[in-house]
Structure formats: structure tokens, C-alpha cells
Amino acid sequence: MENLISLCMIVKDEEKVISRCLDSVQGLVDEIIIIDTGSVDNTKTVARRYTNHVYDFEWINDFSAARNASLRNATGKWILVLDADEYMNSSDIEGLITDLQATPTDKDSLKSFMLPIHNFTGQTVDPSRVMISQGARIFENQKGIYYSNPIHEQLTSNHRKITFNDLPYPIFHDGYTEIRVESHNKTERNLSILESMKTEEKLRDPYFCFILGNACTSDNQLERAIQLYRTSIASSAPSHSWYVHLLDNLISTEIKLNNYVEAYHLILQAMTEYPEISDYYCHLGILYEQFGMFQQAINSFEQALALAEMAVHQNRPYWNVQPSYGSTVPLQMLFNLHVQLGNKTDSVRYGVQLLQIQPKNYTVLQQVWELLIQAEQDEEAIIRLFQTVYPNPKAIEYAALFIVALRTGSRSLSSYYHKKLVIDVSPNDALTYHLLQHEEKPFKLTIDMKLDASIALMAAVLYNDPQYLTAITEYRDSALELWTHHNALLASPDIPPQLTDAASELLAKTLFILLRYSYNDIYFHWLQSMATADTINILANLMYEFGYYEPAVELYAILLDNEVLSTKGMVYIGQWHFISNNSDDGYLFVNNAFDHEEDLSIIGWVFNYCSKNQYEQFLKRYLEAFPNFINLPFLIQPAKNL
């Protein structure tokens, strides 16, 4: 019987992932062809467990040459192309086989099928962080079909036209996660190949400029990337397969380079071309947020979510590039914005929605917990709320809830989740729990312990034992400096505080923990006798950023009275006045802060909270500092509506 599907792969040093790929196609493919381009690990040994068709190929910086070597050895009617860091759903096997068996051949053309490729981005594989592209991964195995181009290789035929149709069976790819990119030096390799291809003719090719721009972006050559993207889009059209990815990359890079005028007009153009797509409302929200236009950003992110919800009901895609533009990205941004605006109810609502999609987003978990504690939410209600996020908690999730309870100083809740633990926590977290519970007996120190500087310093002082400081992994010198100063104060209470910058920062972080853990005596003693102006500024900013507005404002008042309030402190106290409906005082503080540091984001606060006259006065100063923004319509035109 003729083989229906041949899997063709090229690999190098993929022993960690190749089994996942080959396991995923068991029952789908009839033969497996593997071309190894120089592995020095056990890739070939693993591959031979699945197939006898493993061939060596000398790498010549040409992906097409290696791919074509795999095609020459394939005997199936159809060829499926996968990389080792890709895999498929076993549930799709039956449907894919049925579709290929039912596809007739055509003497006038060669058939190829585009499959959706779900590219995981970020540090690790996270289903909520996916960029979706299309790739011609299944095609007829006929004479004359081959790959061209050394990189981003393209299917080509000398004899017949290749037709491209869609199939709905996804390929999952984790090769763009940061750890995979770093381990394979993909950026350096790809850029080297593209540079070797570069000619004047190639630099007039919009697709080549696009892929070279992507390689430059990966190598953090953003200025070069933006020129390539701009060249590409001038000759690209929405009908081109790369267009939406080019548009997305261009907008993102313009924003990263602070080219906000260019980004804004691109976003408006994209909204006109794709009015029912979430991506560009998300980009607009990100741009508004850069300018402190928080309410405008909220409106844009809410629109992105609304478009996604409508599209889901209509059973159609709501994104062009990343599904996260209609889900996790706007939810994360709405959560952050409402936190900064002091809207605790809305913050918790969006935070919980985000956690239900990203249960491992422990940063948001802690922030939501903070908000609930500050709102004096009943502890039983907190437990019930997180049961909706983790309805059947795994051991790691109980550990996460326990650690978050520790970080937020929740004594009884940390005790509740401590009893639920079925795995050991780190020595640092065990010591932290010991301190939070105000255990009088010293925590046993072992030789292999690794401790956070603030926790070790607290233990050293509370148990009068400097040995805890020897277990510090970072800021040990600063902790020793504070320990020495603490003991000197016991002998001579009037010693003026003189600390290095690093020690001042560590002291601020430690004071914050002391306050949250109710070690009030030490907190006030150190605040009055050890803290410098830098320490108090850092501490006040920490309090403000975590939502503890009242104690932060009390410290800001002390700093203001002594004329040592930092610029960031001026901005924060100005924002506090704004959200407290005291716009005149808010304006005074942010206007004064702008004298010291020309902060891009202040304009939004003035726009949304101040009078028309105040805004016009401030806008004049702002445009003197940022003259390029005179062409941003949302800064200039809306002033008349204030």
C-alpha cells in the first residue's frame, strides 16, 4: 500500500524535545525522514527509536538545502514538515488523514495546505501567550517541488503552479520561548544567514526586508529594524501573507523607540483596514498608557475585549497576530490601570479574570491579594474567591497561595495554607513564615541555607544572631552595614544615619516588611534613627506602589516639610491628590515634578483631571520639552473639549 504521509524533518541537538514531536504524530505518518545537520547530543539515538531513516547532512548555512535532502528520501503521497520543537494534537489525526485521503490530485497544479502555527512566546510555554502564523506544512510529494532561500525557505516548483489552501489542524511551536532561543543561538545564526543573502535587489524585496527586520529586532537592533520594516510596508499590501505580522511588528517597534506619532497613525490605519480586530485597540491602549492617558487607555482595552467577545459569539477570529490581544493583554493592562487609579473593585475584577486564564501569574495573584487585604475583605471570602481560580488546587498552587500569604503579611491565611502544604517550601520561605508568626524561638540555621537579605537581617536582629547574615545570597555587604549600624545605635543612640545607597534601599525594603509583619517597635526605631532621606523616599514610594496610600502620604508630608521629597514622590502625591478629587493640589505637584524631570506620562493626568486653562498652560511647557508630539491629535485637538 502506498504511504499516505511522510514526515520530513531537519534537526540538530534536539534530544530534549524530539520525542515529544515524534510521539505526537504516531498514527498519522507512515514514515519519518530525519536529516541531522551535526548534532553532538543524543538526538540521532533518540530519532532511531522511531525510524531507520536518519541521515547526516553537512550544514552549509542553508535550510533549503537540508529540507530538500529530506524530500529526496520521502515516498509518501503527501509530505508533512515539522521541526523538532513542534508537535501536533493527537485528536486531529483522524480528521487530517480523512481530509488528505479525500483530496484529489490535479495535473495542472500542486496542492499545498497551510496549517495554523501556534508560537509560544515569553520565558516558558504559556497557552495565553501565543502568536499565530500560517505555514505551508503539507504538500504533494511530486517531482519538481523543492525549497528555495537559505532561510525562511519557500516552497517552489519548476513545473506546476502551487496552490495553497487552509486546514484547521494546528502545529504548536515553543522555539520562540526565550530559553529555547538562547540555548540554540537562533538570533545570531539567522542574522548571519540573512546578512549573507543581502544584496541591493534583496533590499528592495518587501518580504526580505521584513524577515531581516525581525532578525534585527531579535538582536535588539531596533533602529535598523524600524528602517527595514518601513521599507517593507511601503511595498507590501494587506493581501501579502506577512502583512499583518509586519504591521504588528512595525507598530510595536515604533512604540519601543518612542516614535509615537508614527505609531499612532499606523494604528489608525490598521483600525480602518481591520475594524473588527482586537489587536489595534490593544496597541492604541498601550500608546495611551505611555502618555498617562489612563481613561482613554481603559476605553481602548475594553473595546479590545468587547470585539473579542463579539467575535467568539460569531465563531470567527478576533485577532490578526496574537489571541492575547483580545484576552490576557487587555486584562493585564486594565488590572494595572485600575490599580494605579485606586479603583480596587475594578482591579480585583480584572485580576481574577486574568488569573482564570493565567493561573500561574503569581505576580497578579499577589497584587489581587494585596487589594483584598487593604479592603479588609473577610478571610473566608478571600479563600472562597481563590477557590474559584483554583477549584482543584495542585500542590504547587497551594504552595503559591501560601507564599503569597507570606508576602502580603497575612498571618492567619498563611497559617491556613501552611496546613495545606504537601511539598516543602524553601528555607527562606520557612524562615519568613517563622517571622510572620512571631515565633520567639530562633529558626534553626543550616549551612546550605540561602536567604533573602531583608529576611536574614530581620532574623539576625530579632534573635540577636549575625550568623543569619552569612546565608544571604545578594546584598550581604549592605545587610552587614545595617547590622553594624544597628548595634552601634544600641551603644550610642545619637549617631546620625550615614548609609550607602544600596544599604538605604535594603533598609527601605526591610522597613516595609517589618511594618507589614507588625514588628512596630523595630520599624519605628529604625525609621527614626537609621533611615536617611533616600530611605524614606524609597519606602514611601514602595508603600504607594503597593496601594498603602495613607502611610505613604504621611511619609511624603515629612519629606516635603524637610524639602527632600524626590521627583517620583512629587508625581505620586500629585496623582493621589488627583484621585482624591483635589485637582488643584495635584496640578501643583505634577507641575513641580515636571520642572525636575520631564516625564512623558504626566500629560495624561493633567488632561483627565485639570481645567482647560491648566491643561493648556501645561501643554505649552510639555510641547517645548517634547516638540515632536505636536502632531499627536489626541494631545492637541481634545483640549477644546475640556
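None of the values given here were measured: they were computed from a predicted structure. (Residues numbered from 1 in each chain as written. Predicted model: local features only at pLDDT ≥ 70, side-chain atom pairs only at ≥ 80, totals over all residues. Heavy atoms only, no water.)

**Student:** What is the right way to read the pattern of salt bridges from this model?
**Tutor:** Once their charged atoms are close, side chains differing in charge can pair, the charge on each being opposite to the other. This structure, assessed with the given rule, holds 15 salt bridges. Asp-56 is paired through a salt bridge with Lys-44; the nearest N and O atoms lie 2.9 Å apart. Taken together, the residues Asp-56 in strand β3 (residues 54–56) and Lys-44 in helix α2 (residues 43–47) connect sequence positions 12 residues apart. Judged by its relative accessible area of 22%, Lys-44 falls in the partly exposed class. For Glu-254, the salt bridge is made with Arg-230, and the minimal N-O distance between the two is 2.9 Å. In this pair, Glu-254 sits in helix α9 (residues 243–256) while Arg-230 sits in helix α8 (residues 222–234), placing the two residues 24 residues apart along the sequence. Among the ionic contacts, a cluster of salt bridges with common partners joins Arg-67, Asp-83 and Glu-153. (Salt bridge = Lys/Arg side-chain N within 4 Å of Asp/Glu carboxyl O. Helix = DSSP H or I, 4+ residues; strand = E, 2+ residues; numbered from the N terminus. Buried < 20%, exposed > 50% of the residue type's maximum accessible area, 1.4 Å probe, protein only.)

**Student:** Can you help me understand the side chain of Asp-62 in this one?
**Tutor:** Note that Asp-62 resides in the loop between β3 and α3 (63–72). Buried within the structure, Asp-62 lacks any salt-bridge partner; its nearest side chain of opposite charge belongs to Arg-67, at an N-O separation of 9.1 Å. Of the polar contacts made by the side chain of Asp-62, one reaches the backbone nitrogen of Ser-64; its length is 2.9 Å. Polar contacts involving the side chain of Asp-62 include one to the main-chain amide nitrogen of Ala-65, which spans 3.0 Å. Sequence-distant contacts of Asp-62, defined by excluding residues within four places in its chain, comprise Asn-149 and Pro-150. (Lys, Arg positive; Asp, Glu negative; His and termini not counted. Polar contact = N/O pair within 3.5 Å; in protein donor to acceptor, adjacent residues only side chain to side chain. Contact = heavy atoms within 4.5 Å.)

**Student:** Help me understand unusual backbone geometry, please; the structure alone is not making it clear to me.
**Tutor:** Among all residues save glycine, negative phi is the norm, and among peptide bonds the norm is trans. Its identity is not glycine, yet Asn-315 carries a phi of approximately 60°, on the positive side. Locating Asn-315 in the fold gives a position in the loop between α12 (294–313) and α13 (328–340). Despite not being glycine, Glu-563 has its phi angle at roughly 55°, a positive value. Take Glu-563: it is sitting in the loop between α25 (549–561) and α26 (567–579).

**Student:** Help me understand the side chain of Thr-103, please; the structure alone is not making it clear to me.
**Tutor:** Its location among the elements puts Thr-103 in the loop between α4 (93–101) and β6 (109–120). Judged by its relative accessible area of 14%, Thr-103 falls in the buried class. Non-local contacts of Thr-103, meaning those with residues more than four positions away in its chain, are made with Lys-77, Trp-78, Lys-111 and Phe-113.

**Student:** Help me understand the environment of Leu-191 in this model?
**Tutor:** As for its position among the elements, Leu-191 is in helix α6 (residues 186–197). Looking at Leu-191, the relative accessible area reads 10%, which means it is buried. Along the chain, Leu-191 and Tyr-519 lie 328 residues apart, while their C-alpha atoms are 55 Å from each other. Leaving out residues up to four positions away in the same chain, Leu-191 has contacts with Leu-212, Ala-215, Cys-216, Asp-219 and Gln-221.

**Student:** Sorry if this is basic, but what is going on with the state of the cysteines here?
**Tutor:** Covalent bonding between the sulfur atoms of two cysteines defines a disulfide. Applying the stated criterion across every chain yields a total of zero disulfides. You can see Cys-21 has no disulfide; the closest cysteine sulfur is in Cys-8, sitting 12 Å from it. Cysteine Cys-209 is unpaired, with the sulfur of Cys-216 as its nearest cysteine sulfur at 10 Å. Take Cys-209: its relative accessible area is 1%, and that puts it in the buried class. (Disulfide = S-S within 2.5 Å.)

**Student:** Quick question: what am I supposed to make of the packing of helix α21 (residues 476–491) against helix α22 (residues 501–516) here?
**Tutor:** Packed helices, taken two at a time, are described by the angle their axes make and the gap between the axes. α22 packs onto α21 with a crossing angle of 75° between their chain directions and a minimal axis gap of 9 Å. Classified by the angle between their axes, α21 and α22 sit roughly perpendicular to one another. In this structure, α21 uses Ser-478, Ala-479, Glu-481 and Leu-482 to contact α22, whose residues at the interface are Ala-502, Ala-503, Leu-506 and Leu-507. A breakdown of the residues in the contact of α21 with α22 according to their chemical character gives six nonpolar, one polar and one charged. (Axes fitted to C-alpha atoms, helices over the stretch in contact; angles between N-to-C directions. Parallel < 35°, antiparallel > 145°, perpendicular 65-115°, else oblique. Nonpolar A, V, L, I, M, F, W, Y, C, P; charged D, E, K, R; others polar.)

**Student:** Any chance you could explain the nonpolar core here in plain terms?
**Tutor:** Membership of the largest hydrophobic core comes to 175 residues, with the highest contact counts inside it found for Tyr-280, Phe-291, Phe-386, Tyr-622, Phe-629 and Leu-635. Once residues within four sequence positions are removed from consideration, Phe-291 is found in contact with Tyr-260, Leu-600, Ser-601, Ile-603, Gly-604, Tyr-622, Phe-629, Leu-632, Phe-634 and Leu-635. Grouped together as the second largest cluster of nonpolar side chains are 33 residues, Val-17, Val-54, Met-88 and Ile-138 included. (Core = buried A, V, L, I, M, F, W, Y, C linked by side-chain atoms within 4.5 Å.)

**Student:** So what exactly am I meant to see when it comes to the packing of aromatic side chains here?
**Tutor:** What describes a pair of aromatic rings is the distance from one ring centre to the other and the angle between the planes of the rings. Tallying each qualifying case throughout the model produces 36 aromatic pairs. Connected via pairs of aromatic rings, a cluster forms that spans Tyr-260, Tyr-264, Tyr-288, Phe-291, Phe-594, Phe-618, Tyr-622, Phe-626, Phe-629 and Phe-634. Cation over ring: Arg-349 sits above Tyr-350, and NZ or CZ is 4.4 Å from the ring centre. Above the ring of Phe-546, the side-chain terminus of Arg-516 is found at 5.3 Å from the ring centroid. (Phe/Tyr/Trp six-rings, centres within 6.5 Å; stacked < 30°, edge-to-face > 60°. Lys NZ or Arg CZ within 6 Å of the ring centre and 35° of its normal.)

**Student:** Explanation requested: α3 in the structure shown.
**Tutor:** Residue pairs three or four apart in sequence face the same way in an α-helix, which turns once every 3.6 residues. Burial of α3 is extensive: nine of the 10 residues sit out of reach of the surface. Buried within α3 are the following residues: Phe-63, Ser-64, Ala-65, Ala-66, Arg-67, Asn-68, Ala-69, Ser-70 and Leu-71. Of the surrounding elements, those touching the buried residues of α3 are β1 (5–11), β2 (31–36), β4 (78–81), β7 (130–140), β8 (145–148) and α6. Between the side-chain oxygen of the N-cap and the backbone nitrogen of Ser-64 there are 2.9 Å, and the N-cap of α3 in question is Asp-62.

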